[in-house]
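So the chains spell out like this:
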Amino acid sequence: MIAVLKRHRYSVASLAVVGLCLSATLWQSHARAQDFSAENITRRAIERRAVEAVIWGMPAVNYDLMLQEMLNKTSAKVGQVVYWGRPLDWHNQTLTPNPDALYFMAFFNTKDGPIVLDLPAAGPGGSFNGNIVTVWQMPLEDAGLLGVDKGAGGKFLILPPGYAGPRPAGYTTLQSDTFGGYILFRANLKSHGDADVAKAIAYGKTLKVYPLAEAANPAATVFVDAKDVIFDSTIRFDASFFQHLDRIVQSEPWLQRDRAMIDQLKSLGIEKGKPYSPIQETTKSLDSGVREAGAWLEQKYDAGLPPFFSTASRWTFPAPPDSVKAAGDAFADPNTYPTDDRGLVYSYAFVGIKRLGAGQFYLISIRDKDGASFDGGNTYQLRVPPNVPIKQYWSVTAYDRKTHALIRNMTRASRSSQIPDLHKNTDGSIDVYFGPRAPAGKESNWVPTDPQRAFELMFRLYGPEKEFFDKVWVLPDVEKMN
């Protein structure tokens, strides 16, 4: 090598200089490619923090989207009850709702003192399954037929953060760490017939919501029917996400477990006690970050939740088990905080269940038996085996794969064991069909799909029994028909 250098009249020293110059040139080229300018570093920091803020803040934004739809599209107010006076159809664009129960939702706020939820007992007039949650949709308690009250009903007292006042006897007391929250009250249906729907509505209207301070003589609870309202709380993966997140930060106390996010959000323009007014460049970065978060959550969802019946089953758990356990325990374990999984769950569902499996359980399927995604232009068959191990009912619902809401403009979204005209096979099994057109003679067992949209399925079991969890009874995968 030295001989070559001498032949070309280069010294070792001059080669070292050349090497240094080359290194400097390469570094400068790399720096230019990376663009470490102050402007670009700031932009990238906002985008990165926006991604994490979306994942972390998903359950609270999900909550606020529903609250704002109620406040802006109906006459209902906080402390009143918005309900749907018929089995849910596509007008209700909440995330993966149940079309086989009547929904009543009461948003409450304890900022001015404790709130009472006076819930009816189960009986000849009806029954319900309900869940009471915080702004972060952390479950405070399950109520109703298979809840903590075992169908006895009663008065549930929601206490505000830091409450030190009296705790009167005769109440099931629930300490919340947020001021806001809601109860999802599902009035059970015997069938979808007009008489049974009317009976369930009448039963649901015995629910009462009032401040503890007015318990001696509470005003009548106001009920507002939203059945014809396009009530859309699907997640918007754009910069508007942060307007909802700011509303939560301004109205709720910081939780100890979330204090690490204070400065993160401050860098995005969200700071308690200050107006949220990001400049145009920041909004662009926020928009880029939220879209990336949406892509990440979709990729995580599409990868699949843990299979339920076997490793080969296309029916999965409704949520990552670690997330279910952490929420049910009120995130009490100081060594775990599964915000990634929590963010995923609240991108496709709402409400929180304290004891998943006691009152209800859910299975999700996004692919057919062969592993292909469900296409609304194809026809599929699900055979529900006989003797489903449940105390109440089962149902299967089709949702829009992109929005996780009921498929728009469809005449119905589900089939359930409550439907008296479902055709049964000779062995007691039931075939349910999904597709743009009903197979000949199978209209009663058919769930319509949009040929232009992909879809997903949720199978619900209300009052699931031991045989289900022991997997003695197994739901087969959905099969594509020729």
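Note that the structure is a prediction, hence the values are computed from the model and not measured.

Q: Help me out: how do you make sense of the overall build of the protein in this one?
A: Scanning the protein from terminus to terminus reveals 10 helices and 20 strands. In terms of overall dimensions, the protein has a C-alpha envelope of 105 × 65 × 40 Å along the principal axes. Counting every position in the protein, which comprises 482 residues, the buried fraction comes to 52%. Put simply, of all contacts in the protein between residues at least 6 apart along the chain, 75% involve residues at least 24 apart. As displayed, the protein has an accessible area near 21,900 Å², and 53% of this comes from carbon and sulfur atoms. Computing the positive centroid from 53 side-chain charges and the negative centroid from 51, the protein places the two 4 Å apart.

Q: I keep staring at helix 3 (residues 38-73) and nothing clicks. Help me out?
A: Residues spaced three or four apart along an α-helix point in a common direction, a consequence of the helix completing one turn every 3.6 residues. Relative to the 52 Å expected for 36 residues at 1.5 Å per residue, helix 3 spans just 44 Å between its end C-alpha atoms, considerably shorter than the ideal helical length. Maximum bend of helix 3: about 65 degrees, positioned at M58, with proline P59 one to four residues after it.

Q: Would you mind going over the nonpolar core with me for this structure?
A: A general trend in soluble globular proteins is that nonpolar side chains are found buried together. Grouped together as the largest cluster of nonpolar side chains are 70 residues, with contacts concentrated most on M105, Y182, F242, L265 and Y348. If one sorts the elements of this core by residue count, helix 3 sits on top with 15 residues. Sequence-distant contacts of Y182, that is, excluding residues within four places in its chain, are made with Y63, M66, M105, A106, F107, F108, N131, I132, V133, Q137, F350 and V351.

Q: What am I meant to see in the packing of aromatic side chains here?
A: Two aromatic rings, taken as a pair, are described by how far apart their centres are and by the angle between their planes. In total, this model carries 33 aromatic pairs according to the counting rule given. Note on F104 and F223: the rings are 6.4 Å apart at their centroids and 85 degrees apart in plane angle, and the pair reads as edge-to-face. With a gap of 119 residues between them, F104 in strand 3 (residues 101-109) and F223 in strand 11 (residues 223-225) connect regions that are remote in the sequence.

Q: Any chance you could explain the packing of helix 3 against helix 5 (residues 241-251) here in plain terms?
A: Geometry of a packed helix pair, given as the angle between the helix axes and the separation of the axes. Orientation of helix 3 relative to helix 5, taken along the N-to-C sense of each, is 75 degrees, at an axis distance of 8 Å. Put simply, helix 3 runs roughly perpendicular to helix 5. Contacts between helix 3 and helix 5 involve A50, A53, V54, W56, G57, M58, A60, V61, Y63, D64, L65 and Q68 on the former and, on the latter, F241, F242, H244, L245, R247 and I248. Residue composition of the contact of helix 3 with helix 5, grouped by class: 13 nonpolar, 3 polar and 2 charged.

Q: It is not clear to me how the confidence of the model for the protein should be interpreted in this structure. Could you clarify?
A: Low pLDDT means the predicted atomic positions in that stretch should not be read closely. Averaged over every residue, the pLDDT of the protein is 93; residues scoring 70 or more account for 93%. Low pLDDT (under 50) marks residues 1-18, which in the prediction has 4 contacts with non-local residues, meaning those over four places away or in another chain.

Q: Honestly, the sheet that holds strand 3 in this entry has me stumped. Any pointers?
A: Each strand in a sheet pairs with another by means of backbone hydrogen bonds, the pair being arranged parallel or else antiparallel. The 6 strands lie next to each other as 6-5-9-3-1-11, forming an open sheet whose pairing is mixed. Only two strands of the sheet have a single partner each, and these edge strands are strand 6 (139-144) and strand 11. When the angles between neighbouring strand axes are averaged without regard to direction, this sheet yields 20 degrees. Two elements, strand 5 (residues 128-134) and strand 9 (residues 180-188), share 7 bridges in a ladder whose sense is antiparallel. Bridged to I132 within strand 9 is I183. The strands touched by helix 3 are strand 1 (81-83), strand 3, strand 5 and strand 9; relative to strand 3, the strand with the most contacts, the crossing angle is about 95 degrees.

Q: Explain the environment of D450 here, please?
A: Mapped onto the secondary structure, D450 falls in the loop between strand 18 (446-448) and strand 19 (455-464). For D450 and S373, which are 77 residues apart along the polypeptide, the C-alpha to C-alpha distance reads 14 Å. Leave out the neighbours within four places in its chain, and D450 touches G376, G377, I407 and M410. At 2.8 Å, the side chain of D450 forms a polar contact with the backbone nitrogen of Q452.

Q: Would you mind showing me how to read the sheet that holds strand 8 (residues 172-175) here?
A: The strand order across the open sheet formed by 4 strands is 8-7-4-10, and the pairing between neighbours is mixed. Edge positions in the open sheet fall to strand 8 and strand 10 (208-211), since each of these has one partner strand only. For this sheet, the mean angle separating the axes of adjacent strands, direction not counted, is 20 degrees.

Q: What is the right way to read the pairing of strand 9 from this model?
A: A regular strand places its side chains so that they alternate between the two faces of the sheet. Burial runs high along strand 9: 9 of the 9 residues are buried. Residues G180, Y182, L184, R186 and N188 point to one face of strand 9 and G181, I183, F185 and A187 to the other, with burial holding for every one of them. Bridge count for strand 3 against strand 9 is 9 bridges, and the pairing is antiparallel. What sits directly across from F108, in strand 9, is G181.

Q: Sorry if this is basic, but what is going on with the packing of helix 3 against helix 7 (residues 280-302) here?
A: For the pair helix 3 and helix 7, interaxial distance at closest approach is 7 Å and the crossing angle is 50 degrees. It follows from the interaxial angle that helix 3 and helix 7 lie oblique. For helix 3 against helix 7, the interelement crossing comes out right-handed. Seen from helix 3, the contacting residues are R43, I46, E47, A50, V51, V54, I55 and M58; seen from helix 7, they are T282, S285, L286, S288, G289, V290, E292, A293, W296 and L297.

Parameters and conventions
Residues numbered from 1 in each chain as written. Predicted model: local features only at pLDDT ≥ 70, side-chain atom pairs only at ≥ 80, totals over all residues. Heavy atoms only, no water. Helix = DSSP H or I, 4+ residues; strand = E, 2+ residues; numbered from the N terminus. Buried < 20%, exposed > 50% of the residue type's maximum accessible area, 1.4 Å probe, protein only. Contact = heavy atoms within 4.5 Å. Areas by Shrake-Rupley, 256 points an atom, 1.4 Å probe, with all protein chains shown as cover. Lys, Arg positive; Asp, Glu negative; His and termini not counted. Charge placed at Lys NZ, Arg CZ, Asp CG, Glu CD. Expected span 1.5 Å × (residues − 1). Bend = angle between axes of the 7 residues up to and from the residue. Core = buried A, V, L, I, M, F, W, Y, C linked by side-chain atoms within 4.5 Å. Phe/Tyr/Trp six-rings, centres within 6.5 Å; stacked < 30°, edge-to-face > 60°. Axes fitted to C-alpha atoms, helices over the stretch in contact; angles between N-to-C directions. Parallel < 35°, antiparallel > 145°, perpendicular 65-115°, else oblique. Nonpolar A, V, L, I, M, F, W, Y, C, P; charged D, E, K, R; others polar. pLDDT = per-residue confidence, 0-100. Pairing = 2+ DSSP bridges. Polar contact = N/O pair within 3.5 Å; in protein donor to acceptor, adjacent residues only side chain to side chain. Left-handed = near helix turned anticlockwise from the far one by under 90°.

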